[in-house]
Each structure stands twice: as structure tokens, then as C-alpha cells.
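Given next are the chains, with one letter for each unit.
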Amino acid sequence: MMISPSHAPKAAGPMQARDFDMYSNNGGTTLAVAGSDFCVLGADTRMSDGGYGINTRNYTKLCKLTDKCVLATSGMQADTLALQKNLRSMLQMYEHNNGKPMSTPAIAQWLSNTLYFKRFFPYYTFNVLGGVDDAGVGCCWSYDAVGSHERCKYSSSGTGQQLIQPLLDNQVGHKNQIRAIEVDLTADEAEDLIKDALTSAGERDIYTGDYADIARVDKNGVHLSKFELKFD
């Protein structure tokens, strides 16, 4: 059987590598400062497309888990929503079984376990957890993507972390200061510091801006507020 030239198989072209990345960093910055009886968390509301585009200017990165615990998450928005859904489902089940909400330190450990369980295909999220424990003492935890965590007085994550962490080291941790007088911050001072930190990060980081959500956690619950950052 003769094959006409128009139906003859065409020569294969040069091989091409297909580039596919299942992860996307939607940017943003989160931080927390814990005091003697409070914890203040902050996060901007900009969600970028991984480049110069802005998907929305009103995406909150704070998630209230209980009346004593708030999770701040930056990174990939889809993984953030999946992680929050997982945690809320678990917390609801715990409360039904035990008749009380889970404590903040227990939530911190469970979040670590959840991230570690997904270590071979991790949530592309960068988390800061803050609140007060059963004794009413302020606390916060920092995490990496696979669940390694540490309880600390302050922490930050996200695309503006390299800009904010040195400020926290200086103003809260008093690092490398010979004659530093360490005075515990009040809740109002911690909130003002977080506002200044996010404002400064917004000047240099294109993925941080628009608005900032602030959550103050104490024995009376979670108190939310909002203020403007740069829009460009």
C-alpha cells in the first residue's frame, strides 16, 4: 500500500523538557511576639501570583483556632487552606470527645505532627503559632515546612522574614547588646512593634503590603484589628 506524502509520518523534532512545578509561593509575611500574659500576631493581606501580579489585596493569613490560639501562615494559598481545614477538623473532633478545647501547647505539637506526616509531599507553608497556655502565659512557636518547631518569645516567617527577624532580634531579643536592659514589652508596645515591622517590610518586599491583620490573644480571648500598608 502506497502512502501519499501528505500522510507520511513527520520526523520528530528536538526533545523538549516540560517544566512543571506543583508549588507556588503566594508570598506574604507573618510574625508574632509573646509576652508575660499575651501574644500578638500580625500578617499582611496581599496574595501575589508568585511574580509581579497581585491576585487579591484582602487575603487574611491569620486563622483563629481557639479562643487562646491563632495560626499565622504564609506560602502557598492552596496548601494553607488545606492545612487549616485539617487542623479545624481535628480540633472539632477533640472538643467533641473531651468536652473542652485543646490547649495551645497541644495544638503546637499537633501542628508539628501534621507537617511531619506530610514530609515527603509537604505543605508549602511557613507557620507561626501564637496564643496563651493554660496558665495564661504568652507563647509562640516557629516551624519549618516539615514540622521542626521551637517555642520562643518571637518569630517571623514568609517573604519578609529576612527583613523583620533582625528587627525582632534587636528590639525583643536584645541580641549582641552589651549593656542592654531587658524590659518585657506590654501588649500595646508589642502591637506597635509589629505594625512598624510590617510597614518596614512593605517598603522593601513586593509580596508584602496592602493591609495588615493584627490578633492580640490573652486570657479574655482573641481581639482582631486591621491597618493599612502600602498599596503599590
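Analysis parameters
Residues numbered from 1 in each chain as written. Predicted model: local features only at pLDDT ≥ 70, side-chain atom pairs only at ≥ 80, totals over all residues. Heavy atoms only, no water. Helix = DSSP H or I, 4+ residues; strand = E, 2+ residues; numbered from the N terminus. Buried < 20%, exposed > 50% of the residue type's maximum accessible area, 1.4 Å probe, protein only. Salt bridge = Lys/Arg side-chain N within 4 Å of Asp/Glu carboxyl O. Phe/Tyr/Trp six-rings, centres within 6.5 Å; stacked < 30°, edge-to-face > 60°. Pairing = 2+ DSSP bridges. Expected span 1.5 Å × (residues − 1). Contact = heavy atoms within 4.5 Å. Axes fitted to C-alpha atoms, helices over the stretch in contact; angles between N-to-C directions.

Trainee: Help me understand unusual backbone geometry in this model?
Mentor: Phi is mostly negative for residues that are not glycine, and the peptide bonds are mostly trans. The backbone of H174 shows a phi angle near 50 degrees, a positive value even though the residue is not glycine. Along the chain, H174 falls in the loop between helix 3 (161-171) and helix 4 (187-204). Look at D210: it is not a glycine, yet its phi comes out positive at around 75 degrees. By secondary structure assignment, the location of D210 is in the loop between helix 4 and strand 11 (211-218). Owing to a relative accessible area of 0%, D210 belongs among the buried residues under this scheme.

Trainee: Help me out: how do you make sense of the pattern of salt bridges in this one?
Mentor: Oppositely charged side chains can pair when the atoms bearing their charge come close. All told, the structure shown has 9 salt bridges when counted by the stated rule. Among the ionic pairs, R57 bridges to D210, the shortest N-O distance being 2.5 Å. Pair noted here: R57 is in the loop between strand 4 (54-56) and strand 5 (62-66) and D210 is in the loop between helix 4 and strand 11, with a separation of 153 residues, a long-range link. In this structure, E203 engages K230 in a salt bridge whose closest nitrogen and oxygen atoms are separated by 3.5 Å.

Trainee: Sorry if this is basic, but what is going on with the packing of aromatic side chains here?
Mentor: Aromatic ring pairs are described here by two measures, namely the spacing of the ring centres and the angle between the planes. Taken as a whole and assessed by the stated rule, the structure comprises 4 aromatic pairs. Here Y23 and Y124 contribute two aromatic rings whose centre-to-centre distance is 5.2 Å and whose plane-to-plane angle is 55 degrees, an arrangement assigned as tilted. In this pair, Y23 sits in the segment before strand 1 (29-34) while Y124 sits in the loop between helix 2 (104-117) and strand 7 (125-132), placing the two residues 101 residues apart along the sequence. Taking relative accessible area as the criterion, Y23 reaches 24% and is therefore assigned partly exposed. For Y124, a relative accessible area of 26% translates into the label partly exposed. Put simply, the rings of Y23, F121, Y124 and F126 touch in pairs and so form one group of aromatic residues.

Trainee: Can you help me understand the pairing of strand 8 (residues 138-143) in this one?
Mentor: Working note: regular strand, side chains alternate between the two faces of the sheet. Where burial is concerned, most of strand 8 is hidden: 6 out of the 6 residues are buried. Residues G138, C140 and S142 of strand 8 are buried on one face, and the alternating residues C139, W141 and Y143, pointing to the opposite face, are buried as well. Counted along the chain from strand 7 to the antiparallel partner strand 8, the turn is 5 residues long, and its residue G136 has a positive phi close to 85 degrees. Inspection of the sheet shows strand 8 paired to strand 9 (residues 149-152) by 4 bridges, in the antiparallel sense. From the neighbouring strand, W141 faces strand 9, where its bridge partner is R151. Between strand 8 and the antiparallel strand that follows it, strand 9, lie 5 residues; G147 among them carries a positive phi value of about 100 degrees.

Trainee: Just checking my understanding: could you explain helix 2 for this structure?
Mentor: Because an α-helix completes one turn every 3.6 residues, residues spaced three or four positions apart along the sequence face the same direction. If you check helix 2, its first and last C-alpha atoms are 20 Å apart, about what 14 residues at 1.5 Å a residue would give, namely 20 Å. Summarising the contacts, the buried residues of helix 2 are in contact with strand 5, strand 6 (69-75), helix 1 (77-98), strand 7, strand 8 and strand 9.

Trainee: How should the sheet that holds strand 7 be read in this particular structure?
Mentor: Either a parallel or an antiparallel arrangement is found when strands of a sheet pair, and the pairing is made through backbone hydrogen bonds. Pairing within the open sheet is antiparallel, and its 5 strands lie in the order 5-6-7-8-9. Each of the sheet's edge strands pairs with one partner strand only, and the pair in question is strand 5 and strand 9. For this sheet the average axis-to-axis angle between neighbouring strands, irrespective of direction, equals 20 degrees. The strands that helix 1 touches are strand 5, strand 6 and strand 7; relative to strand 5, the one it contacts most, it runs at about 10 degrees.

Trainee: I keep staring at the sheet that holds strand 1 and nothing clicks. Help me out?
Mentor: Across the sheet, which stays open at both edges, the 5 strands sit in the order 10-1-2-11-12 with antiparallel pairing between neighbours. Of all strands in the sheet, those bounded by a partner on one side alone are strand 10 (154-158) and strand 12 (221-228). Ignoring which end each strand starts from, the neighbouring axes of this sheet average 15 degrees apart. Pairing of strand 1 with strand 2 (residues 39-44), which is carried by 5 bridges, proceeds in the antiparallel orientation. Bridging from a neighbouring strand, A34 pairs with C39 of strand 2.

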